[in-house]
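For reference, the chains in residue letters:
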Amino acid sequence: MSTSLFDLTGKIALVTGATHGLGMAMARGIGRAGAKVIINGNSSQQKIDNAVSEFIQEGIDAYGYRFDVTDEKSVMDSVGKIESEVGPIDILVNNAGIIKRTPLTEMEVEDFEQVINVDLISPFIVSKSVIKGMIARKSGKIINICSMMSELGRNTVGAYAAAKGGLKMLTKNMCVEWARHNIQVNGIGPGYFATEQTKPIRVDGNPFNEFIVNRTPAGVWGEPDELQGTAIFLSSKASDFVNGQILYVDGGILATIGKPNNEV
Ligand code: GCO
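In this text the structure is predicted, and so the values were computed from the model without any measurement.

1. Points about the side chain of Asp250
Part 1: The topology assignment puts Asp250 in the segment after strand S7 (246-249).
Part 2: Polar contacts involving the side chain of Asp250 include one to the main-chain amide nitrogen of Gly252, which spans 2.7 Å.
Part 3: Apart from residues lying up to four places away in sequence, Asp250 is in contact with Met148, Gly191 and Thr216.

If you want it as structure tokens, here you go:
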């Protein structure tokens, strides 16, 4: 009998794009809270195997499944395999995502489409495969990983902002359609975190690095593990009446218009 509102013992969580970065950190947090964790990736089986063995060494009950989240048939087949081999998916974290930093005037249409496919359409595809079981069981948690770009634009990330802005509204619409089945659908909007994805804009000397530190009231880049608490909260009983919300974990970025460089 779980005693804590935040205890995920007995739950099964699928986290897409969880072989590295924020996805892996959130999957680790959800696992540490007691859930069985299904790690999805599509780049290499070795990366999936490495992540699974790392989690198992830490005492987390982890499994790995490689599938392309943009391929509906592959997703449906994989979800079916997961639910027969591991068990029903109680928690889905749609984390898999890509970014292409190119000015819109120079961006090829196929590049724009690829960002939309991975960052916006795949959460729909994976949720559509998982939701049938959740509705049948009248219980489920879906967490869509949004972004600062769900609220703000910036040069060179137009496709990503369009996708993440759309994912914010898709989250709200999933809530509207599925809340009646005791399914909670929320988003997490990470601020600027120190990951491989942000490495190119975080290197010392890159003006963007100083800009972000200055633009973030906390004055630092986030560390991936700092997303774990929010991921556990939105996966747990503690958030059973929270629905259609995007929780921004951003060190205060969205609370401020910023400050002059020389202001303390
Ligand atoms: C960028 C960054 C951002 C962050 C994150 C912010 O190029 O501006 O990569 O997109 O990764 O999405 O929430």
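2. What about the site of the ligand?
Part 1: For the ligand, the set of nearby residues contains 14 residues, the closest of which are Arg101, Met148, Arg154, Pro190 and Tyr192.
Part 2: Isolated, the ligand exposes 330 Å² of accessible area, and the fraction of that covered by the protein chains is 96%.

3. Some thoughts on the packing of helix H4 (residues 109-137) against helix H5 (residues 158-178)
Part 1: Between H4 and H5, the least distance of the axes is 8 Å, while the angle of their chain directions is 15°. Taken together, the axis directions place H4 and H5 in an arrangement best described as roughly parallel. The chirality of how H4 crosses H5 is right-handed. Here H4 contributes Phe112, Val115, Ile116, Asp119, Leu120, Pro123, Phe124, Ser127, Ile131 and Ile135 to the contact with H5, which in turn contributes Gly158, Ala159, Tyr160, Ala162, Ala163, Lys164, Gly166, Leu167, Leu170, Met174 and Trp178.
Part 2: Of the residues contributing to the contact of H4 with H5, the split by class is 16 nonpolar, three polar and two charged.

4. A closer look at helix H7 (residues 207-215)
Note on helix geometry: an α-helix contains 3.6 residues per turn, so any two residues three or four positions apart are oriented the same way.
Part 1: Taken together, the buried positions of H7 are occupied by Phe208, Asn209, Ile212, Asn214 and Arg215.
Part 2: At its buried positions, H7 is contacted by helix H6 (199-202).
Part 3: Near the N-terminus of H7, the side chain that reaches the backbone nitrogen of Phe208, with its oxygen 2.7 Å away, is that of Asn206.

5. Things to note about the sheet that holds S7
Part 1: Reading across the sheet, the seven strands line up as S3-S2-S1-S4-S5-S6-S7 and stay open at both edges, with parallel pairing between neighbours. Two strands bound the open sheet, and with one partner strand each, they are strand S3 (62-66) and S7. Taking each pair of neighbouring strands and ignoring which way they run, the sheet shows an average axis angle of 20°.
Part 2: Bridge count between strand S1 (residues 12-15) and strand S4 (residues 91-94): three bridges; the pairing is parallel.

6. Here we look at the pairing of S4
Part 1: Burial along S4 is two-sided: the face carrying Ile91 and Val93 and the face carrying Leu92 and Asn94 are both buried.
Part 2: In the sheet, S4 pairs with strand S5 (residues 140-145) via four bridges, with the strands oriented parallel. Of the residues in S5, the one forming a bridge with Val93 is Ile143.
Part 3: Taking the sense of rotation as the criterion, the β-α-β connection linking S4, H4 and S5 turns out right-handed.

7. Examining the nonpolar core
Part 1: Within the largest apolar cluster, 31 residues are counted, with the highest numbers of intra-cluster contacts made by Met26, Ile30, Ile39, Phe55, Val93, Ile188 and Leu227.
Part 2: Taken together, the elements giving at least two residues each to this core come down to S1, helix H1 (21-32), strand S2 (36-41), helix H2 (45-57), S4, S5 and helix H8 (228-235).
Part 3: Considering every element that reaches this core, the biggest residue donor is H1, with five residues.
Part 4: Ignoring sequence-local partners within four residues, the contact set of Val93 consists of Leu14, Val15, Thr16, Ile30, Ile143 and Ile145.
Part 5: In terms of nonpolar packing, the next biggest core, distinct from the first, is built from 23 residues, Ile12, Phe67, Val69 and Val126 among them.

8. Let's talk about helix H3 (residues 72-85)
Part 1: Between its first and last C-alpha, H3 extends 20 Å over 14 residues, near the 20 Å set by a 1.5 Å rise per residue.
Part 2: Turning to H3, its buried residues number three or more, namely Val75, Ser78, Val79 and Ile82. The buried residues of H3 all sit within an arc of 100° when viewed along its axis, so they share a single face. The exposed set on the far side of H3, more than 90 degrees from its buried face, consists of Lys73 and Ser84.
Part 3: Looking at the buried residues of H3, the elements they touch are S1, S2, S3 and H4.
Part 4: Measuring from the side-chain oxygen of the N-cap residue of H3 to the backbone nitrogen of Lys73 gives 3.1 Å; that N-cap residue is Asp71.

9. Some points on the packing of aromatic side chains
Part 1: All told, the structure shown has three aromatic pairs when counted by the stated rule.
Part 2: On the basis of an interplanar angle of 85° and a centroid distance of 5.8 Å, the ring pair of Tyr192 and Trp221 is categorised as edge-to-face. Of this pair, Tyr192 sits in the loop between strand S6 (183-190) and H6 while Trp221 sits in the loop between H7 and H8; the two residues are 29 residues apart in sequence, bridging distant segments of the chain.
Part 3: On the basis of relative accessibility, which here comes to 11%, the residue Trp221 falls in the buried class.
Part 4: Taken together through their ring pairs, the aromatic side chains of Tyr192, Phe208, Phe211 and Trp221 make up a single cluster.
Part 5: Arg202 extends its terminal NZ or CZ atom over the ring of Trp221, reaching a point 5.8 Å from the ring centre.

Basis of the calculations
- Residues numbered from 1 in each chain as written.
- Predicted model: local features only at pLDDT ≥ 70, side-chain atom pairs only at ≥ 80, totals over all residues.
- Heavy atoms only, no water.
- Helix = DSSP H or I, 4+ residues; strand = E, 2+ residues; numbered from the N terminus.
- Polar contact = N/O pair within 3.5 Å; in protein donor to acceptor, adjacent residues only side chain to side chain.
- Contact = heavy atoms within 4.5 Å.
- Near = heavy atom within 4 Å.
- Areas by Shrake-Rupley, 256 points an atom, 1.4 Å probe, with all protein chains shown as cover.
- Axes fitted to C-alpha atoms, helices over the stretch in contact; angles between N-to-C directions.
- Parallel < 35°, antiparallel > 145°, perpendicular 65-115°, else oblique.
- Left-handed = near helix turned anticlockwise from the far one by under 90°.
- Nonpolar A, V, L, I, M, F, W, Y, C, P; charged D, E, K, R; others polar.
- Buried < 20%, exposed > 50% of the residue type's maximum accessible area, 1.4 Å probe, protein only.
- Pairing = 2+ DSSP bridges.
- Right-handed = clockwise from strand over helix to strand, strands pointing away.
- Core = buried A, V, L, I, M, F, W, Y, C linked by side-chain atoms within 4.5 Å.
- Expected span 1.5 Å × (residues − 1).
- Arc of directions from axis to C-beta.
- Phe/Tyr/Trp six-rings, centres within 6.5 Å; stacked < 30°, edge-to-face > 60°.
- Lys NZ or Arg CZ within 6 Å of the ring centre and 35° of its normal.

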